[in-house]
Amino acid sequence: MIKGISKRDCLILLFSCLFFSALPAQNTPNARQARRIFGEAYEQIYGPHGAEFNYAVNVIGIYKTSGTMWIKGEKHKFIERQCSVWDDGREFYRVNRKKRTVELYNAGSSKKDKLFSKFSFNPDDYDYHISDSCSGYLITLDARPGTRGIKHIKATIDKHTLVPKLLKIKVSFFWAKVTIYGFHKGNIDDHIFHFPRSEFYGYRYIDKRSED
């Protein structure tokens, strides 16, 4: 694994690149089209009715993982073989099945994801471009000089549904690939994000809510 980056934090970083609600104004017709389509793709995942999808992550061939994610507004949940997260908007639970631990944070805590605090994503720091491909729309985000963290994003978006299919993200010197499939929009009940404490009887609970 890349030095200083845990497997869990890598996954959070890969998806955090989509957590914004506005794109910067651009002057060219191509950039404006990229802004519109990327914004519509964003709504597919982060709209008010929520979404469910499967994902597969590959970081330069040395780290691979896959799982299922549910998102609705500020709430999210993902399930993997070893690590899973429930965030109901008030409390954030992270389960490590190998260590048999459950970490508990306030949902708004900046300490729950160490890597996220180090690599912020500001959409104003990027130039946007859209092109056509046999797989769908290809939207490219290129960091402007001096931008830290994420340097490039290549998003492949389905032409008919406007659902993101593939993300390629460059952070520092390495590329990561996230494949999205089995996408379902809407019908996401809030109970999905409630932590099922009874399923983790015998786990060691680490309450970090007082550290904020």
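As the structure is a prediction and not an experimental result, all values here were calculated from the model. (Residues numbered from 1 in each chain as written. Predicted model: local features only at pLDDT ≥ 70, side-chain atom pairs only at ≥ 80, totals over all residues. Heavy atoms only, no water.)

(A) Representation of the sheet that holds strand E1 (residues 51-59) within the structure. Taken in spatial order, the 12 strands of this open sheet run E7-E8-E9-E10-E11-E1-E2-E3-E4-E5-E6-E12, and their pairing is mixed. Looking at the sheet topology across the chains shown, the edges are occupied by strand E7 (126-133) and strand E12 (204-207). The average angle at which neighbouring strand axes cross in this sheet is 20 degrees, direction not considered. Sheet topology places E7 next to strand E8 (residues 136-143); 8 bridges connect them, and they run antiparallel. Of the residues in E8, the one forming a bridge with His129 is Thr140. (Pairing = 2+ DSSP bridges. Helix = DSSP H or I, 4+ residues; strand = E, 2+ residues; numbered from the N terminus. Axes fitted to C-alpha atoms, helices over the stretch in contact; angles between N-to-C directions.)

(B) How the structure looks around a nonpolar patch on the surface. Where nonpolar side chains cluster on the molecular surface, the patch consists of Ile60, Ile62 and Trp175 and spans about 270 Å² of accessible area. On the basis of relative accessibility, which here comes to 48%, the residue Ile62 falls in the partly exposed class. (Patch = residues over 30% accessible without salt bridge, like charges linked within 9 Å, V, L, I, M, F, W, Y side chains within 5 Å. Areas by Shrake-Rupley, 256 points an atom, 1.4 Å probe, with all protein chains shown as cover. Salt bridge = Lys/Arg side-chain N within 4 Å of Asp/Glu carboxyl O. Buried < 20%, exposed > 50% of the residue type's maximum accessible area, 1.4 Å probe, protein only.)

(C) The arrangement of the nonpolar core in detail. Membership of the largest hydrophobic core comes to 39 residues, with the highest contact counts inside it found for Phe53, Tyr55, Ile139, Leu141 and Ile157. Residue contributions to this core peak at 7 residues, all from helix H2 (residues 29-46). In terms of nonpolar packing, the next biggest core, distinct from the first, is built from 8 residues, Val95, Val102, Leu104 and Phe195 among them. (Core = buried A, V, L, I, M, F, W, Y, C linked by side-chain atoms within 4.5 Å.)

(D) View of the pattern of salt bridges. The full count for this structure, using the stated rule, is 10 salt bridges. The shortest N-O distance in the salt bridge between Lys72 and Asp190 comes to 3.2 Å. One end of the pair, Lys72, is in strand E2 (residues 63-72); the other, Asp190, is in the loop between strand E11 (174-185) and E12, and 118 residues separate them in sequence. Across the salt bridge formed by Lys159 and Asp132, the nearest N and O atoms sit 2.5 Å from each other.

(E) Summary view of the environment of Lys98. Among the structural elements, Lys98 can be located in the loop between strand E5 (91-96) and strand E6 (101-106). Along the chain, Lys98 and Arg81 lie 17 residues apart, while their C-alpha atoms are 9.3 Å from each other.

(F) Just a positive patch on the surface, in detail. A cluster of basic residues, Lys64, Lys154, Lys168 and Lys177, forms a positive patch on the protein surface. Relative to the assigned elements, Lys154 resides in strand E9 (residues 150-157). Lys154 gets classed as partly exposed once you look at its relative accessible area, which sits at 36%. (Lys, Arg positive; Asp, Glu negative; His and termini not counted. Charge placed at Lys NZ, Arg CZ, Asp CG, Glu CD.)

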